[in-house]
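Results of the structural survey
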Amino acid sequence: MVALNIFTVNKNEVISIIENFASSIKFIIGGAGLKGIETEILNLNVSNSIDVVLGDGELIISDLLNKNTRLIPNRHIKNNRLFIIDSSSEFYNQNIDTASIDRTILLNNGVGLHNNLLEACIVATRGCIYNCAFCGSAITRNINVKSRRRSLNNIQQEIHQLLDETSNLSYIMGT
Ligand code: SF4
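The structure presented is a predicted model; accordingly, all values stated were derived computationally and were not measured. (Residues numbered from 1 in each chain as written. Predicted model: local features only at pLDDT ≥ 70, side-chain atom pairs only at ≥ 80, totals over all residues.)

**As for the overall build of the protein chain**
- Across its full length, the protein chain carries four helices and ten strands.
- In the protein chain, the succession of α and β elements from N to C terminus is β-α-β-α-β-α-β-β-β-β-β-β-α-β.
- Along the longest, intermediate and shortest principal axes, the C-alpha atoms of the protein chain span 50 × 35 × 35 Å.
- Counting only contacts in the protein chain whose residues sit at least 6 apart along the sequence, the fraction spanning at least 24 positions is 60%. (Helix = DSSP H or I, 4+ residues; strand = E, 2+ residues; numbered from the N terminus. Contact = placed C-beta atoms within 7 Å.)

**A short note on the domain arrangement of the protein chain**
- Along its sequence, the protein chain is organised into domain 1 (2-85) and domain 2 (96-174).
- With centres defined by C-alpha atoms, the gap from domain 1 to domain 2 works out at 23 Å.
- The residue inventory of the side of domain 1 that touches domain 2, partitioned by class, reads two nonpolar, three polar and two charged. (Domains from an automatic or database assignment. Nonpolar A, V, L, I, M, F, W, Y, C, P; charged D, E, K, R; others polar.)

**Let's talk about the nonpolar core**
- Membership of the largest hydrophobic core comes to 15 residues, with the highest contact counts inside it found for I29, I50, V52, V53, L54 and F83.
- Of all the elements in the fold, those that place two or more residues in this core are strand 2 (27-30), strand 3 (50-55) and strand 5 (80-85).
- Here this core takes four residues from strand 3, the largest share from any one element.
- I50 has contacts with I18, A22, F27, I29, I41, L44 and N80, leaving out every residue within four places of it along the chain. (Core = buried A, V, L, I, M, F, W, Y, C linked by C-beta atoms within 7 Å. Buried ≥ 20, exposed ≤ 12 C-beta atoms within 10 Å, placed from the backbone.)

What follows is the structure, given as structure tokens:
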């Protein structure tokens, strides 16, 4: 199973990857760029299956990985399923202080940039309070999802942890 994130700019690349590998691999697709194109993804003609998750992914993923769990999708087209995780869902994360990022895949080394600087990124909020017309995260397109913020203490702890774990870190970017 492979999980991929769709942002606005990488939609075509993600679809191409799914179409090339979905006969042998099951995909989970999430990301802020999914809003409005979920039907297009559900309609992809693949022989395996795609789970499309619109909203928080961390609390539903173990059930998606467990074939014996009886999840009821919001929609399905053939073998492809859509799960909408809004504030009415049991998988909605009320407290994003608990949504820590596992950086062991980066060996806690940060991300190298073209100018030889090392960057780390923290996610301090989820959802957006603004309403840009072109954006799937706009507040009026997500009326059942509140914008959430991590607590100041929780963010400070992560910054300290990053500085302890990653030598030569040049800067930390927050979203
Ligand atoms: S500020 Fe605008 S473009 Fe950025 S996430 Fe919010 S709605 Fe989208």
